[in-house]
Amino acid sequence: MLLRRDREAQADAVVSFMTADGAAALKPQLDAAFGGDGWVTADIRSAIGAVHDVAAEGGRFLVIGVRDEAEGELGAARELIAEAKLSGLKVILLAESLSPAAMHGLMRAGADDFAPLPLPPSALAESVARLRSGGLQPFGGSSSRNGMVFPVYGAAGGVGATTFCVNLAWETALEVAKSGKQVALLDFNFQYGTVATFLDLPRREAIYELLSDTSTMDEEGFSQALADYSGRMAVLTAPMDVLPLDIIGPEDVKTMLDLARASYDFIFVDMPQTLTHWSDLVLTESERFFAIMQTDMRSAQNMLRFLRAVKAEDLPIEKIAVVLNRAPRFTDLSGKSRARRLEQSLGVEFVVRLPDGGRQVASACDQGAPLAKAARGNALRKEIRRVARGLVRSVEAARAETAGAR
Ligand SMILES: Nc1ncnc2c1ncn2[C@@H]1O[C@H](COP(=O)(O)OP(=O)(O)OP(=O)(O)O)[C@@H](O)[C@H]1O
Ligand SMILES: [Mg+2]
């Protein structure tokens, strides 16, 4: 719905709230920032048309207001922000009592500036002036690498989450070796993490320090807690002792991900199978969240529950890529139809199908080496390499697009 106040005037801004009174309450500030005829309002859920119209007319701004009660509309708000960025608009986010994770998600969707609601008197006009003069750094700052987070979550024990995560990280590291991009692999399975075993790395004492107090940790301290693997990948191994999963809270996880993003371009996270009070945060912070399963009933049922929980909590389900491990071969017709039925009952498509790599896979793990080192020609390795290449390409494309849109 586009409530055009004056059909003749060219609007400079789309103002989008969940309800019309949100924008009406800010009329004086909006008039001051854009002029009385310079803005139009549109409902967040249906503002994409307005964004396109205003951008086509040479307009420059989207002002989007998101409130805590409208938490259910966060997805729509993120989509609108991303669309506005693609259309070349600057986005000013007005937020009222949003959780840090929700806020961060909206900023990462592309918001250029932010002001709190209730709005301080001249905040909007100042923000508009700043953005007009192009003086603001994109979120994340220019010094930071602004890395992307790719968690891997196994729907049931032993479905191959760590195998996929470790090899995906390593294949990515090989892929980006020449471009100077940095890869980190974080084992967030603080109880029984096996990444260290897969890569034959010693478990470090520094992890305890990191986990016991993330608040004082800086980028350098964080990188020092990570072990170097073959000079190409930094690895946070799980601690030596079994620690309770709630030894860290959402704020610590957020701090660790922020530190990781500042120093690394690709961050892979091996997630515990148990859902914790920070699992949703990792999903929200991720670029793409791999959820892996096999065709057995146990992992299928868990996956169904997991996807339901994500939907019920209104978390960004679109980030989840469901991976089928030990996928049936091309010639296995009954296996293939079983996989198809699984897709139907889960309401998803398997984005990745990993073949069974046979004994070589477990033996690579026993040797403490990624498949690329221990079994180069293995079918599983080739498929994971393909996924890594796709990932690197899509990240490069997304980066080029945002650079172009600025
Ligand atoms: N596609 C595959 N082909 C052959 N072997 C595989 C494959 N995927 C996993 N495996 C083997 O299955 C075993 C379990 O894999 P992995 O440890 O990666 O699972 P996980 O989901 O991380 O388990 P956990 O619940 O213990 O964390 C390992 O021995 C691994 O080598
Ligand atoms: Mg594992």
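### Side note on the domain arrangement of the chain
Then comes step 1: Segmentation of the chain into domains returns domain 1 (2–132) and domain 2 (148–405).
Then comes step 2: Measuring from the centre of the C-alpha atoms in domain 1 to the corresponding centre in domain 2 gives 35 Å.
Then comes step 3: Taken residue by residue, the interface counts ten residues in domain 1 and 13 residues in domain 2.
Then comes step 4: For the pair domain 1 and domain 2, the summed buried surface comes to about 790 Å²; carbon and sulfur atoms form 48% of the total.
Then comes step 5: Our count for the contact surface shared by domain 1 and domain 2 stands at two salt bridges.

### Some details on the pairing of strand E2 (residues 13–17)
Then comes step 1: Within E2, five of the five residues are buried, leaving the element largely enclosed by the surrounding structure.
Then comes step 2: Sheet analysis places E2 next to strand E3 (residues 39–43), joined by five bridges and oriented parallel. Among the inter-strand pairings, Val 15 is bridged to a residue of E3, identified as Thr 41.

### Things to note about the packing of helix H3 (residues 48–56) against helix H4 (residues 74–86)
Then comes step 1: Between H3 and H4, the shortest axis-to-axis distance is 10 Å and the interhelical angle comes to 20 degrees. Here H3 is positioned roughly parallel relative to H4, judged by the angle of their axes. H4 is crossed by H3, and the crossing has right-handed handedness. Taking contact as the criterion, the partners of Ile 48, Val 51 and His 52 in H3 are, on H4, Leu 80, Glu 83 and Ala 84.
Then comes step 2: Of the residues assigned to the contact of H3 with H4, the class counts are four nonpolar, one polar and one charged.

### Things to note about the packing of aromatic side chains
Then comes step 1: This structure, assessed with the given rule, holds eleven aromatic pairs.
Then comes step 2: Measuring from ring centre to ring centre gives 6.3 Å for Phe 150 and Phe 266, while their planes differ by 20 degrees; the resulting arrangement is stacked. Separated by 116 residues along the polypeptide, Phe 150 in strand E7 (residues 148–154) and Phe 266 in strand E11 (residues 266–270) bring together distant segments of the chain.
Then comes step 3: For Phe 266, a relative accessible area of 2% gives the class buried.
Then comes step 4: A connected cluster of aromatic rings, assembled from ring pairs, spans Phe 150, Phe 266 and Phe 268.

Rules used throughout
Residues numbered from 1 in each chain as written. Chains lettered and ligands numbered in written order. Predicted model: local features only at pLDDT ≥ 70, side-chain atom pairs only at ≥ 80, totals over all residues. Heavy atoms only, no water. Domains from an automatic or database assignment. Contact = heavy atoms within 4.5 Å. Buried area = accessible area lost by both parts, 1.4 Å probe. Salt bridge = Lys/Arg side-chain N within 4 Å of Asp/Glu carboxyl O. Buried < 20%, exposed > 50% of the residue type's maximum accessible area, 1.4 Å probe, protein only. Helix = DSSP H or I, 4+ residues; strand = E, 2+ residues; numbered from the N terminus. Pairing = 2+ DSSP bridges. Axes fitted to C-alpha atoms, helices over the stretch in contact; angles between N-to-C directions. Parallel < 35°, antiparallel > 145°, perpendicular 65-115°, else oblique. Left-handed = near helix turned anticlockwise from the far one by under 90°. Nonpolar A, V, L, I, M, F, W, Y, C, P; charged D, E, K, R; others polar. Phe/Tyr/Trp six-rings, centres within 6.5 Å; stacked < 30°, edge-to-face > 60°.

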